[in-house]
Amino acid sequence: MLRVIFFSLLSLIMVFVAARSCGLTPQQVDDRILLAQLNAEQGAAYRKSVAELPGVVNLPGGLLVEVLRSGNGQVPGEGDWVQVHYRGWHIDGREFENSHRQNEPATLPVERAIPGWQQALLSSPVGSHLRLVVPPELAYGRAGGGIIGPEETLVFELEVIGIIAPPAQLKVDASQQPVPGLR
């Protein structure tokens, strides 16, 4: 009898561990849905209050832009790489990223930025300093990403420093090619 109880308990533990390793539990899924709803409601209220402030422009898709300083340089195109300094924070004021901490601007292709940044970059000349309020549809959406929650509205200060040439592609030695079928 003791052997049956032991194996039953061991089986239950194995099922629990297997279920946990396969993804979210039903409770975690419910919590994530609730968090998404809460973030969506709070984000909509925040965007509504910011949209009423003087100097804030509401662009298509709900992107809110406040021009802190107008630039007079060239406007980046979709295929361009840009150097930017930026700060990103949640609507409650918690900062999640800051390029100034690395003491050098971030370099990225415009086409790989989140849609809200793309929209802002494609209409902002070099030298511009903007405050963006990005709705979830133009940021990380329902899935979120890393420390960004599902359906989260984000706030950024974005300074367009320059348009640069893409980084040089490294020459790869033929002997260092990846094995076909493996990533």
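Up top you'll find the structure we're talking about.
All values derive from a computational prediction rather than experimental measurement. (Residues numbered from 1 in each chain as written. Predicted model: local features only at pLDDT ≥ 70, side-chain atom pairs only at ≥ 80, totals over all residues. Heavy atoms only, no water.)

Colleague: Can you help me understand the pattern of salt bridges in this one?
Modeller: A side chain of one charge can pair with a side chain of the opposite charge if their charged atoms are brought near each other. All chains considered together, the criterion is met by seven salt bridges. Arg142 is paired through a salt bridge with Glu151; the nearest N and O atoms lie 3.7 Å apart. According to the relative accessible area criterion, Glu151 is buried, its value standing at 14%. Salt bridges linked by common partners bring Glu66, Arg131 and Glu157 together as one network. (Salt bridge = Lys/Arg side-chain N within 4 Å of Asp/Glu carboxyl O. Buried < 20%, exposed > 50% of the residue type's maximum accessible area, 1.4 Å probe, protein only.)

Colleague: I keep staring at helix H2 (residues 26-51) and nothing clicks. Help me out?
Modeller: Every α-helix winds through 3.6 residues per turn, so residues three or four apart in the chain are directed the same way. For H2, with 26 residues, the first-to-last C-alpha span of 37 Å sits near the 38 Å given by 1.5 Å per residue. Within the sequence span of H2, burial applies to Ala36, Asn39, Gly43, Arg47 and Val50. In this fold, the buried residues of H2 make contact with strand S1 (56-58), strand S2 (64-69) and strand S6 (129-134). (Helix = DSSP H or I, 4+ residues; strand = E, 2+ residues; numbered from the N terminus. Expected span 1.5 Å × (residues − 1). Contact = heavy atoms within 4.5 Å.)

Colleague: In this structure, what is going on with the side chain of His129? I would like to understand it.
Modeller: With respect to the element layout, His129 can be found in strand S6. What makes His129 buried here is its relative accessible area of 18%. A polar atom in the side chain of His129 sits 3.3 Å from the side chain of Glu157. Beyond its immediate sequence surroundings of up to four residues, His129 is in contact with Glu66, Val67, Leu68, Arg69, Glu157, Leu158 and Glu159. (Polar contact = N/O pair within 3.5 Å; in protein donor to acceptor, adjacent residues only side chain to side chain.)

Colleague: Teacher, can you tell me more about the packing of aromatic side chains here?
Modeller: The geometry of an aromatic ring pair is captured by two quantities: the separation of the ring centres and the angle between the planes. Counted by the stated rule, this structure contains three aromatic pairs. Seen from their ring centres, Tyr86 and Trp117 are 5.0 Å apart, and the 80° between their planes marks the pair as edge-to-face. With Tyr86 in strand S3 (residues 81-90) and Trp117 in helix H3 (residues 115-121), this residue pair connects regions lying 31 residues apart in the sequence. Of the two residues examined, Tyr86 and Trp117, each falls in the buried class. Seen from their ring centres, Trp117 and Phe156 are 5.3 Å apart, and the 80° between their planes marks the pair as edge-to-face. One end of the pair, Trp117, is in helix H3; the other, Phe156, is in strand S7 (residues 154-164), with 39 residues separating them in the sequence. Just as Trp117 is buried, Phe156 falls in that class too. An aromatic cluster is present here, built from Tyr86, Phe96, Trp117 and Phe156 joined pairwise through their rings. (Phe/Tyr/Trp six-rings, centres within 6.5 Å; stacked < 30°, edge-to-face > 60°.)

Colleague: Is there a simple way to think about the pairing of S7 in this case?
Modeller: Each regular strand carries side chains that alternate between the two faces of the sheet. As paired elements, S3 and S7 share ten bridges and run antiparallel to each other. Paired with Val82 across the two strands is Ile163, which belongs to S7. When S6 meets S7, the two strands line up antiparallel, connected through six bridges. Paired with His129 across the strands is Glu159, a residue of S7. (Pairing = 2+ DSSP bridges.)

Colleague: How should I be thinking about the pairing of S3 in this particular structure?
Modeller: Of all ten residues in S3, eight are buried; the element is thus mostly enclosed. One ladder, built from four bridges, connects S3 with strand S5 (residues 106-109); its direction is antiparallel. Its bridge partner lying in S5, Trp81 is registered against Pro109. Bridge count between S3 and strand S4 (residues 95-98): three bridges; the pairing is antiparallel. Within S4, the position partnered with Trp89 by the bridge is Glu95. As consecutive antiparallel partners, S3 and S4 are separated by four residues, and within that stretch Gly93 has a phi angle of approximately 95°, a positive value.

Keep in mind that these numbers describe shape and distance, not what the molecule does.
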